[in-house]
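Letter by letter, the chains look like this.
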Amino acid sequence: MEALLGNEGEVILAMGNEAIARGGIEAAVGYFSMYPGTPATEIGQTFESLSRHLPDFYMEYSANEHVSLNGAMGASWAGIRSMVAMKHVGMNVAAEPAHFLGYTGVDAGLVIVIGSDPGATSSTGEQDDRWYSLHTHLPLLEPSTIQEAKDFTAIAFELSEKYSIPFVINAPSRLCHNIGDLRLGRIAPHKGRHAFRPNYQRYFNLFGQAVRNHQACIERVSALGRSSDAGALNKIIPGNASWGIVTSSVNYLYVMEALEILELFDVPVLKVGMSHPFPAAQLQEFAKSLEKIVVIEDLEGFLEYQLKRSAFELKLNCEVVGKEVIPPSGETSPDMVLKALSSVSGREIPGHITEAARLGEQIAANIPQRIATFCIGCPHRASVYAVLKASEGEAIIGGDIGCYTMASLPPFKAAEWCTCMNCGLSAAQGMSHVGDARPIVALVGDSTFFHSGIQSVQNAVANNANVLLIILDNRWIAMTGHQRSPTTSVDVKGSRLEAVDLKALLKTLGVARVRTVDVFDVPRLRSIIADELKNSGMRVIIAKGECALQVHRRERYIVPRFDEFFSIVRERCQRCGACYKDFGCPAIMEAVDDDGEYYYIDEELCIRCGACRTVCPNSAIVMSRIRPRKAEMQAKAPAEDG
């Protein structure tokens, strides 16, 4: 990670997200904030790891994207270059400040990085955030390579200050998580702290002043579109064919590879680096002798829409083909681009490529599907199991965004919906007023609750919703890489941290019934859920159980008094399936020998959470404690740093 602090001219291997962070470092960014979200999370993790080396630098994991962008806006107004990162659906939460940032403009540069997710590989949707630029007016950059991810970020800060408007960088997951060569540039000197300079006309958007600022924003963006600054980020690869290609982002690389495979060396290509404002002047030059333009891009035709509008205004006489050859949903792949260009050009795909694709599909069809599941020892497994047993399958269960989304998969199949952050309680409270008589349970994680759930609880209390909310408090923002949650009280090294008192907060919000329980005491958790299902109104259970991975990591630093081991006593086990089938812990295995089939616990996989012991109805799972010898304890203790 510290290689990212190398000197100008050095070449290192870097992930796209790391390259974006390096671009911010080269631009002397002084403020960074984000709510973690894949595929953008590693931008924050990079800044977090390097923060102690960056002078006058502040970073935070904000409660949500709305708060995050407003914070970056304030830092920019105070004269500090600021960056905010989020996944694509986070832009929906940040949309309000994003819409008026063009009106107010910026003082120091402000860059918004969006991790796009075509194909929804880690999301509940694959929305195309590029369309936001049409109504926020914010300029949009689309880097294609690891190098451009860094370079475009640094350039975005310069242009943001020059035109007094935030810049957006759209980075698809294929760029965010790809790794390649990165040549480092010069790190600009840091400005240090600045004083805020009031500007009432810009920062107070009321009545006629809002209209004037709107017009000023449009004029600044138009000036950018006409400038050489915008044109420098776009590139025309010349050719003398009668048709050409317009593309952007990583699809440019797919296009160039496909043209080489098809031996189409005379096809001109317009690589769009700044896709808003659209490069109309370069399009006019590019298309002057073309009969057809093929647009290759992900998702919903953002480039195609702007190109057709510009072609109409420029009176260009050429056909435009886009979503006819590349579908508007799913992730664009190299094979998809190759087939599209083969179809348009009439050039056959070489036989060895076709055969390789056929064999690849055949092999893929025979590979067993990998099903996502909870980690071994995950507290959410115990929580979901307890909900199902307590409700006897009769409750309506609303899911939400987080690790516990996997509750919808076998063996639990325990969530009826999952759409966006805090959809569990928000939809459940509406359903409780008009739905049938079945009890309704909503699940939410602690960090997701703080993201946007407080308002949902307020609304449910105010309107007397009949919902049981279970907050799965695992103390970390676990799914995106274990960033600190407001409920994190101890870090992985055992140091104490300030944590929000979740129960006290809920009481302040007006929730009359709030109960707290250890998730690994499954019978008690199950009993409390069953009890609360008999009650009515808005009530909350806080199911506390720290993420097992973080507990396991802490063991490297904290030597336990005892080593604990769990095992299944074969003579007691009735093979009822409670631990193996219903609870579904991956550390519990099934085997067969001369005496028949039996269950056992794989000691290498088990992390000693103990939940299975409380699940077993036959007392067949037992715990053994062994006090380590002094020499073993000393050997396990980590060496001091330095």
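Residues numbered from 1 in each chain as written. Predicted model: local features only at pLDDT ≥ 70, side-chain atom pairs only at ≥ 80, totals over all residues. Heavy atoms only, no water.

## Focus on the nonpolar core
Next, step 1: F32, I43, F47, M83, I112, I245 and L341 are the most contacted members of the largest nonpolar core, which has 90 residues in total.
Next, step 2: Tallying contributions element by element places helix α6 (residues 146-163) first for this core, with 7 residues.
Next, step 3: Inspection of this core shows a minimum of three residues originating in each of domain 1 (2-229) and domain 2 (234-365).
Next, step 4: Those residues in contact with F32 that lie beyond four places of it in its chain are I43, G44, F47, F57, Y58, M59, E60, M83 and A85.
Next, step 5: Among the nonpolar cores identified, the runner-up in size contains 72 residues, and A460, I568, F583 and V615 belong to it. (Core = buried A, V, L, I, M, F, W, Y, C linked by side-chain atoms within 4.5 Å. Buried < 20%, exposed > 50% of the residue type's maximum accessible area, 1.4 Å probe, protein only. Helix = DSSP H or I, 4+ residues; strand = E, 2+ residues; numbered from the N terminus. Domains from an automatic or database assignment. Contact = heavy atoms within 4.5 Å.)

## Points about the UniProt feature "binding site: [4Fe-4S] cluster 1" (unreviewed entry) in the chain
Next, step 1: UniProt annotation of "binding site: [4Fe-4S] cluster 1" (unreviewed entry) refers to C573, C576, C579 and C616 when read in the numbering used here. Spanning 44 residues, the named residues form one tight spatial group whose C-alpha atoms are at most 10.4 Å apart.
Next, step 2: Inspection of the secondary structure puts C576 in the loop between β22 (563-568) and α22 (578-582).
Next, step 3: With sequence-adjacent residues up to four places away left out, C576 is seen in contact with P617 and N618.
Next, step 4: With respect to the secondary-structure elements, C579 resides in helix α22.
Next, step 5: Taking relative accessible area as the criterion, C579 reaches 10% and is therefore assigned buried.
Next, step 6: Look past the residues within four positions of C579 in its chain and what remains in contact with it is G584, C585, I588, Y599, V615 and I621. (UniProt positions renumbered as here; feature names shortened; annotations may be inferred.)

## Quick look at unusual backbone geometry
Next, step 1: Between T38 and P39 the backbone carries a cis peptide bond, its omega angle lying at 15°.
Next, step 2: Relative to the elements of secondary structure, P39 occurs in the loop between β2 (31-34) and α2 (41-50).
Next, step 3: Cis geometry is adopted by the peptide bond preceding P411, which originates at P410 and carries an omega value of 5°.
Next, step 4: Within the fold, P411 resides in the loop between β15 (396-398) and α17 (423-434).
Next, step 5: Positive phi, normally seen in glycine, also occurs at R608, with a value near 65°.

## Comments concerning the domain arrangement of the chain
Next, step 1: For the chain, the domain assignment lists domain 1 (2-229), domain 2 (234-365), domain 3 (379-554) and domain 4 (565-641).
Next, step 2: Summarising the inter-unit geometry, the C-alpha centres of domain 1 and domain 2 are found 28 Å apart.
Next, step 3: Counting residues at the interface gives 29 residues for domain 1 and 25 residues for domain 2.
Next, step 4: Summed over both sides, the interface of domain 1 with domain 2 buries roughly 2,200 Å², with 60% coming from carbon and sulfur.
Next, step 5: Taken together, the connections running from domain 1 to domain 2 amount to 3 salt bridges.
Next, step 6: With its nearest N and O atoms 2.9 Å apart, the salt bridge here joins R130 to E297.
Next, step 7: At the surface where domain 1 touches domain 2, the tally comes to 13 residue pairs in polar contact (both at pLDDT 80 or more). (Buried area = accessible area lost by both parts, 1.4 Å probe. Salt bridge = Lys/Arg side-chain N within 4 Å of Asp/Glu carboxyl O. Polar contact = N/O pair within 3.5 Å; in protein donor to acceptor, adjacent residues only side chain to side chain.)

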